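# Descriptive structure summary
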Amino acid sequence: MDCVVVSDDENDVFDDLELITAAEHFEQGQNYSINKTNEDNEIDAIDLEILEIDEEIVRLRQKRSQLIEQKQKLKDSIKINHQSTLNTNLIDQWQRTDFSWSSKVEKTRTEIFKINSFRQWQLETINVTLSNHDCILIMPTGGGKSLCYQLPAIVSDGITIVVSPLLSLVEDQVFALKNLNIDARALNSATPRDEQTDIMRILDGKDTIESTLKILYLTPEKIAKSKTIMAKLQKLYETNRFTRLIVDEVHCVSQFGHDFRPDYKYLSIFKRQFPKLSILGLTATATIKVINDVKQILKIPNCILFRAPFNRKNLFYEVLHKSDVGKDAFHELVNCIQHRFDQQSGIVYCLSQKDAEEVCRELQRHCIKAGCYHAGLSALSRTQVHSKWLRNQLHVICATIAFGMGIDKPDVRFVIHHSLSKSIENFYQESGRAGRDDKQSYCILFFRFGDVFRLAPMAFSDKSGNGLKNLYSMISYCLNESLCRRKLIAKYFDEVWQSHDCNQMCDICTRPSTYISKRNCREEASIIIDYLQNHDKQRITPLKLVEQLTIKTMIKIDIQRLILQLIIDEYLKEDFHFTSYTTVCYVIPGLKAKYVHNENCEIILDMIESTKKRSSNTNKIEEKQIVKKTTMISALPEIRPKLKWATNIDLKVKFDLSKKRTLEYDGDDDLHNEDQSENTPSLKRRSPAISQTDEIITPSHPSVIDDEELDFL
Ligand SMILES: Nc1ncnc2c1ncn2[C@@H]1O[C@H](COP(=O)(O)OP(=O)(O)OP(=O)(O)O)[C@@H](O)[C@H]1O
């Protein structure tokens, strides 16, 4: 028996009846025409108006939530500014050089650390710390946070305890401090037993010889899970030898942080147990919300907050087009290194171990002294490559992100991302390894459409649930051609940004503005969506979509960019399919696909002048020329600003005001290379030098990744 659902609405009932009648006639092979009266026409018009109102309501709702979000951000930045004002007042107080310890601080800086002057907030933090006040320092990666606790540790009596989550980083720190003749040690699951016994005796104060131990690194897990350690720290405190507690990566304390680590919460016990102990928290990334939470958890409500600007002024940011053709992509990279960074020290980050090896071979083939570094290599090979690079016997390291935190070579002149990172946060951290000596250095990202869909399945499977959102932020950074790159990064970190802050240190700000013109691409967008809707029985990957589509008014590269932007703005959607071995990424119409047919919907693209004229008859040769031109230009710094992408797109979707471009940090997975609890022997056995990687093994198909490879995430 057929079942017909009858609408509650009287008008709809008539519509339903009419449709049923029409359908019956149709089944009988008869033509049935619905005779429309004036009233019917009026109803149609009203329906249309209702539809438009519905759309307007959706738009206004989106606008409302966007404004709320914007308002919150402004409130946060007011708070940050307020803090900065407070800090300004504090500067005079903490910048002084007439404290009882000041001459010792000066001497230690120059004689032991061989550093000529302090960077912003270093002296202030050191003075606050030595005054036994609680303090939180937010300073960008490579900013010099370590000095802020290492120097006070040396000039103070007793032992400074540093809680740090990364074994490999701790190892590097201990190694570096020992080279400076400072007694620093680490107590974690990788510490040999006799060393552990030694440390315990020192903490107990039982050593007959006076201990020289100044800095002891512990992992949060060690503190949270070992009662013995807490007992020893109690003893240390009672005998007035517990100088202070340093909490590295302090944002991990907060569950609003991107790297919330439950064991960090245990640190809340310190102020209760050891009320006179001062705490110094260090982080490169933390919003005001996270900081407030941290203050509350660590019970340091009156701590002094110093926030150094995230902006690394000596780093030049740029995005270059990467060819779809493998050998051309290598050629562009080789060209870039040979012409711009000949004999200079740098890192090339690659998406997979295989990519890193291929890139390395290619550079070597062109007589560039390159070495390869990834987690698939033995610890010995990695150490050899690293130390050759440190001694400048190798110029370039081709690496996966296994070559991560703790890389502290001052003269890294360039960091090239041969594929996009999985988030802005990762990109910022990785590129931040350039220019630690404050000299001008370059952070270049080679971007291409295909790489997005190699990363997307992994982002989709990301445990945090924010993987795709983070990836889209990264794509927005790459697609952007009109907003200052540093401004985008600033937005990500909720930083207040002044237009002159960039100081012509990104590709966008060095390019003439006349280069860009605007165009409404709604029609092209609707062609893409119509094409997909007609393809609904047959799944299509984004790469195939670009291959099959012909849009007379656009060249291939523009179509690629448009597709990416439509995905970010939810006009299109990625559709992931799991098979036993792979995750395949298809593309389908998204939530907002229907709006592209509304003539009020505007999808404004920035077009680079040179490509604006090339409209209908774009052919492959022409595109190839553009790619070649890109390569050449990328090799010449003085004309480099003129072009990287054939088309310059800054989508301003007037109709859709809810662009999901909020840049959000999803955390650095390297942090999870931690000292696991006592109950994880398999991890314990792992060499601390080996990072748990976030690497990808190159898939056989660009948008297909084996499930087993996901184990590496
Ligand atoms: N005042 C200074 N002048 C010159 N170099 C400095 C100064 N302070 C620190 N450095 C150097 O800057 C480099 C980065 O310092 P450090 O490793 O402490 O950075 P960080 O803020 O801890 O970065 P990350 O978050 O990446 O660990 C080191 O080589 C350090 O010796």
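Residues numbered from 1 in each chain as written. Predicted model: local features only at pLDDT ≥ 70, side-chain atom pairs only at ≥ 80, totals over all residues. Heavy atoms only, no water.

### Some thoughts on the overall build of the chain
Within the chain, the regular secondary structure consists of 25 helices and 19 strands. Within the chain, the fraction of its 713 residues that count as buried is 56%. Counting only contacts in the chain whose residues sit at least 6 apart along the sequence, the fraction spanning at least 24 positions is 78%. Carbon and sulfur atoms make up 51% of the accessible area of the chain, which amounts to about 33100 Å² in all. (Helix = DSSP H or I, 4+ residues; strand = E, 2+ residues; numbered from the N terminus. Buried < 20%, exposed > 50% of the residue type's maximum accessible area, 1.4 Å probe, protein only. Contact = heavy atoms within 4.5 Å. Areas by Shrake-Rupley, 256 points an atom, 1.4 Å probe, with all protein chains shown as cover.)

### A few points about helix 17 (residues 449-460)
Here helix 17 spans 17 Å end to end across 12 residues, near enough to the 16 Å set by a 1.5 Å rise per residue. Counting buried residues along helix 17, 11 of its 12 residues qualify, which places the element largely inside the surrounding structure. Those residues of helix 17 that sit buried are F449, G450, D451, V452, F453, R454, L455, A456, P457, M458 and A459. (Expected span 1.5 Å × (residues − 1).)

### Notes on the site of the ligand
Neighbouring residues of the ligand: 14 residues in total, closest S117, T141, G142, S146 and R436. Taking G144, its main chain carries an N or O atom lying 3.0 Å from an oxygen atom of the ligand. At 2.7 Å, a side-chain N or O of R436 approaches an oxygen atom of the ligand. Against a free-state accessible area of 630 Å², the protein chains account for coverage of 76% of the ligand. Per-class residue counts for the shell around the ligand are 3 nonpolar, 7 polar and 4 charged. (Near = heavy atom within 4 Å. Polar contact = N/O pair within 3.5 Å; in protein donor to acceptor, adjacent residues only side chain to side chain. Nonpolar A, V, L, I, M, F, W, Y, C, P; charged D, E, K, R; others polar.)

### Section: the pattern of salt bridges
Across all of its chains, the model carries 21 salt bridges by this definition. Taking the shortest distance from any N to any O, the salt bridge between K225 and D263 comes out at 2.9 Å. Here the residue K225 occupies a position in helix 8 (residues 220-225), and D263 occupies one in helix 10 (residues 262-265), the gap between them amounting to 38 residues. For D263, a relative accessible area of 18% gives the class buried. In this structure, the salt-bridge partner of K409 is D411, at a minimum N-O distance of 2.8 Å. Owing to a relative accessible area of 26%, D411 belongs among the partly exposed residues under this scheme. In this structure, a network of salt bridges that share partners links the residues K322, R448 and D451. (Salt bridge = Lys/Arg side-chain N within 4 Å of Asp/Glu carboxyl O.)

### What to know about the side chain of S164
Relative to the assigned elements, S164 resides in the loop between strand 2 (159-163) and helix 6 (167-179). Under the relative-accessibility criterion, S164 is labelled buried at 2%. Within the local environment of S164, its side chain forms a polar contact with the side chain of D248, the two groups lying 3.5 Å apart. Residue contacts for S164: discarding those within four places in its chain leaves V170, Y217, L218, T219, P220, D248 and Y264.

### Considering the packing of aromatic side chains
If you walk through the whole model with that rule in mind, you get 18 aromatic pairs. Aromatic pair W389 and F403: ring centres 5.4 Å apart, planes at 75°, arrangement edge-to-face. Of this pair, W389 sits in helix 15 (residues 379-390) while F403 sits in the loop between strand 11 (396-399) and strand 12 (414-417), placing them 14 residues apart in sequence. Of the two residues, W389 and F403, neither departs from the other in class, the shared state being buried. Pairwise contacts between aromatic rings join Y237, F242, F270 and F274 into one cluster. Against the face of F99 rests R96, its NZ or CZ located 4.3 Å from the ring centre. A cation over a ring is seen here: R382 above Y373, with NZ or CZ 5.9 Å from the ring centre. (Phe/Tyr/Trp six-rings, centres within 6.5 Å; stacked < 30°, edge-to-face > 60°. Lys NZ or Arg CZ within 6 Å of the ring centre and 35° of its normal.)

### Describing the environment of H535
Inspection of the secondary structure puts H535 in the loop between helix 20 (522-533) and helix 21 (542-548). The class of H535 is buried, set by a relative accessible area of 17%. When the C-alpha atoms of H535 and I588 are compared, they prove to be 9.0 Å apart, with 53 residues separating the residues in sequence. Setting aside anything within four residues of it in sequence, one finds H535 in contact with I540 and Q548.

### Describing helix 7 (residues 193-204)
The terminal C-alpha atoms of helix 7, which comprises 12 residues, lie 16 Å apart, in line with the 16 Å expected from a rise of 1.5 Å per residue. Buried positions along helix 7 lie against strand 2, strand 3 (184-187), strand 4 (215-218) and helix 9 (227-238). G205 sits one or two positions beyond helix 7 and adopts a positive phi of about 75°.

### Some details on the pairing of strand 15 (residues 572-578)
Examined bridge by bridge, strand 15 and strand 16 (residues 582-589) share 7 bridges and lie antiparallel to one another. Bridging across to strand 16, F576 finds its partner in C585. Where strand 15 hands over to strand 16, the hairpin turn is made up of 3 residues, counted between the paired strands. (Pairing = 2+ DSSP bridges.)

### Some remarks on the sheet that holds strand 1 (residues 135-138)
Taken in spatial order, the 7 strands line up as 3-4-2-5-6-1-7 in an open sheet, and their pairing is parallel. Taken across any chain shown, the strands that pair with only one partner, and hence form the sheet edges, are strand 3 and strand 7 (304-307). The average undirected angle you get between the axes of adjacent strands in this sheet is 20°. The sheet contact formed by strand 1 and strand 7 spans 4 bridges and is parallel. Of the residues in strand 7, the one forming a bridge with I138 is R307. Against the sheet, helix 4 (residues 122-130) engages strand 1, strand 5 (242-248), strand 6 (278-283) and strand 7, with an angle of about 165° to strand 7. (Axes fitted to C-alpha atoms, helices over the stretch in contact; angles between N-to-C directions.)

All quantities given are derived from atomic positions and should not be read as evidence of function.
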